[in-house]
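# Secondary and tertiary structure notes
Below are the chains, spelled out letter by letter.
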Amino acid sequence: MRAALRLAVLLFACLGLAWQVGSARAEYLVMEVGLQFPDRLGSVPLWKGERYPEAVLGHGVEYRAPQFAGSVYVYNAGNPAIPDGTANDVVRTQFARARSEIAAYQRQQNLPEPQLLSDKPIRVNAVEFLSASYRLVRSNVESLSLIAMTGYRRHFIKIRVTVPAASGDAGTRQMEEFVQNVARMLADAGAK
């Protein structure tokens, strides 16, 4: 089983490298909010971006590296009046829902309840994300997972990042840096 997991990780890493080498610049545009997701966020390469079939679900943009998975979701959930930032009930309610979905998924899969590690805002310049990080088990692997959310140009920006629990404090820093990099991207886009 471990050999198969290592082989799968190696295969995904090789496929990711081949994809990067084959394309000079891989970016993903979310026109609804005027965001150009770069081919790298920090040191993490863009894996894929997609528009979901249902408009209310918006877009999913994934960044992957060995031992790291980060996703950014840009959606409005059918609400045309989402305020910017986190100091409003609309974003706070959506964040609470996203957090409850983590626990519901664990229960549904008969997995242990996620352990809350932190619940704090992450702020860069004028952009703030609500965030919560957890220790949880997925596919028999103990992981650290962070969820973060803000409102931006009438959309929710939700981030989900997962690293192996064995990465400890370095993994926690890597997750928070990913959120900070997204916040910088939003701040830069807002300044234009």
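Above this text you will find the structure in question.
The notes below deal with the structure included here. (Residues numbered from 1 in each chain as written. Predicted model: local features only at pLDDT ≥ 70, side-chain atom pairs only at ≥ 80, totals over all residues. Heavy atoms only, no water.)

### Considering the overall build of the protein chain
Scanning the protein chain from terminus to terminus reveals three helices and eleven strands. From first element to last, N terminus to C terminus, the protein chain shows the α and β order α-β-β-β-β-β-β-α-β-β-β-β-β-α. The long-range share in the protein chain, meaning contacts at least 24 apart out of those at least 6 apart in sequence, stands at 47%. Within the structure as shown, the protein chain displays about 10,600 Å² of accessible surface, and the carbon and sulfur contribution to it stands at 55%. (Helix = DSSP H or I, 4+ residues; strand = E, 2+ residues; numbered from the N terminus. Contact = heavy atoms within 4.5 Å. Areas by Shrake-Rupley, 256 points an atom, 1.4 Å probe, with all protein chains shown as cover.)

### Points about helix α2 (residues 89–108)
Taking 1.5 Å as the rise per residue, α2 with 20 residues should run 28 Å; its terminal C-alpha atoms sit 28 Å apart, in good agreement. Buried within α2 are the following residues: Val91, Gln94, Phe95, Ala98, Arg99, Ile102, Ala103 and Gln106. The inward-facing, buried residues of α2 abut β6 (68–75), β7 (115–119), β9 (127–138), β10 (141–152) and β11 (155–164). Two or three places before Val90, at the start of α2, stands the capping residue Asn88, its side-chain oxygen 3.2 Å from that residue's backbone nitrogen. Immediately downstream of α2, the backbone of Asn110 shows phi near 55°, a positive value. (Expected span 1.5 Å × (residues − 1). Buried < 20%, exposed > 50% of the residue type's maximum accessible area, 1.4 Å probe, protein only. Polar contact = N/O pair within 3.5 Å; in protein donor to acceptor, adjacent residues only side chain to side chain.)

### Some points on unusual backbone geometry
Even without being glycine, Gln67 reaches a positive phi, approximately 65°. Within the secondary structure, Gln67 sits in the loop between β5 (59–65) and β6.

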